[in-house]
There are 2 protein chains.
Amino acid sequence: MARWEPGAAERLRQAALELFATRGFEQTTATEIAQSAGLTERTFFRHFSDKREVLFRGQGLLVEAFVTGVDAAPPDTSAIDIVASALQSVASFFPDERRSDSRTRQFVIDQNPALQERERHKLAGLATTVADALRARGVDDLAARLAAESCITVFGIAFTQWIREDEQRSLAEIAADVFGELLTLAGKATAHRATPADRAAGQSRETVAARHRS
Amino acid sequence: MARWEPGAAERLRQAALELFATRGFEQTTATEIAQSAGLTERTFFRHFSDKREVLFRGQGLLVEAFVTGVDAAPPDTSAIDIVASALQSVASFFPDERRSDSRTRQFVIDQNPALQERERHKLAGLATTVADALRARGVDDLAARLAAESCITVFGIAFTQWIREDEQRSLAEIAADVFGELLTLAGKATAHRATPADRAAGQSRETVAARHRS
């Protein structure tokens, strides 16, 4: 929907974000949002089931973007490259024009424990969905879960950085940087996969790193 | 506290787990827990502020175990090796004798959305605390966040596996395996950190992996 002729849903969303940010989420009613947007309460409820949905409707699209990104990677791509690729396609759904709205939305959520919980719940569900999409491609269960969690971790950190007031880089650039940092970090590990011999030793307090240090 | 002479807190905890698992968390009262343990309601409330605390008291100890593990790593250990080491010390707090109780506790939590939310909240806080402990050691902010999140991811996956009915390995062994799998996964990445040239190109939809494939 073009910016210069926003439809009712977009007008309501903008009005809601503004009111949530200035008055607080709890203190804002659907009626006030509708009034502020020059629309009726009835119109509000034609577009949103409640005021919380104004903040969380985008979730469905985000989940879809991740799954589409995972599905779009070429066959035989490794799990980690699939999620790197998915991160980049998801990042393109957050152009710089959305940065200010995303920042306001996050500010509203950070003020309200119930909204924070909803957000955490969303992120947990997102990791599950990405893992499912990876398994559907034949990635084994453990690798799918680890790659999905890493993907959401990188996305979360990159997103938080993207909406900082002083940040200029695009979300795609930041996500690539954070992802690169994760690989760099992992590359510094001296720990190896535990071998059956390690297990037989059963020295659980001793670190794998120490045992394998070369 | 030895098993053959459990104190009031331990008797209450065992009785509570049993009742939560058989009747459901919501359907169990503090009075019933106390009765089942052969104690008074007053004794219950001397030990726990409410029935939910029976399930979550261990959290403080878990957080402490992670921080202790991070602090105990030798100086100049890389962030990833620090968390590998912390994971191993935390794992030693879950000996096989606790496996059955941990399984029951998780079963109770999985039945109840409010308890699940509390658990998610706990895990989110745990990652923050581990990241703080890493930063306190001089690890830079991004590496600290990534290492901490990876640590909690590995712990969560390993823990879920540890309490499976058919699992025989110790939590330390599983954590080492899952951690090893994460390193293996990261090692397969063909994606690199984005370079300034990549950014200038600004092709956010194209994957970093594709651009850097050698």
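The following paragraphs examine the structure supplied in this document. (Residues numbered from 1 in each chain as written. Chains lettered and ligands numbered in written order. Predicted model: local features only at pLDDT ≥ 70, side-chain atom pairs only at ≥ 80, totals over all residues. Heavy atoms only, no water.)

**Re the overall build of chain A**
- Regarding its fold elements, chain A presents 12 helices and zero strands.
- Classification of the 214 residues of chain A by burial places 50% in the buried group.
- In chain A, the proportion of contacts linking residues at least 24 apart, taken out of those at least 6 apart, comes to 59%.
- Working note: accessible area of chain A is about 10,300 Å², and carbon and sulfur atoms make up 52% of it. (Helix = DSSP H or I, 4+ residues; strand = E, 2+ residues; numbered from the N terminus. Buried < 20%, exposed > 50% of the residue type's maximum accessible area, 1.4 Å probe, protein only. Contact = heavy atoms within 4.5 Å. Areas by Shrake-Rupley, 256 points an atom, 1.4 Å probe, with all protein chains shown as cover.)

**Quick notes on helix H6 (residues 79-91) of chain B**
- In this model, H6 of chain B (13 residues) spans 18 Å end to end at C-alpha, consistent with the 18 Å of a helix rising 1.5 Å per residue.
- Counting buried positions along H6 of chain B gives 13 out of 13 residues, so the element sits mostly inside the fold. (Expected span 1.5 Å × (residues − 1).)

**Focus on the packing of H6 of chain B against helix H9 (residues 141-162) of chain B**
Residues and elements named next belong to chain B.
- For the pair H6 and H9, the least separation of the axes is 9 Å and the interaxial angle reads 35°. With respect to the hand of their crossing, H6 and H9 are arranged in right-handed fashion. Of the residues in H9, those in contact with Ala79, Val83, Leu87 and Val90 of H6 are Ala147, Cys151, Val154 and Phe155.
- The residue inventory of the contact of H6 with H9, partitioned by class, reads eight nonpolar, no polar and no charged. (Axes fitted to C-alpha atoms, helices over the stretch in contact; angles between N-to-C directions. Left-handed = near helix turned anticlockwise from the far one by under 90°. Nonpolar A, V, L, I, M, F, W, Y, C, P; charged D, E, K, R; others polar.)

**A word on the pattern of salt bridges**
- Counted under the stated rule, the structure contains 30 salt bridges over all chains.
- In this structure, Glu117 of chain A engages Arg120 of chain B in a salt bridge whose closest nitrogen and oxygen atoms are separated by 3.0 Å. Here Arg120 of chain B lies in helix H8 (residues 113-136) and Glu117 of chain A lies in helix H8 (residues 113-136), a pairing that spans two chains. Each member of the pair, Glu117 of chain A together with Arg120 of chain B, is buried.
- The residue Asp141 of chain B makes a salt bridge to Arg135 of chain B at a minimum N-O spacing of 2.4 Å.
- Classification of Arg135 of chain B as partly exposed rests on a relative accessible area of 29%.
- In the salt-bridge network here, residues are joined through shared partners; they are Asp132, Arg135, Asp141 and Arg145 of chain A. (Salt bridge = Lys/Arg side-chain N within 4 Å of Asp/Glu carboxyl O.)

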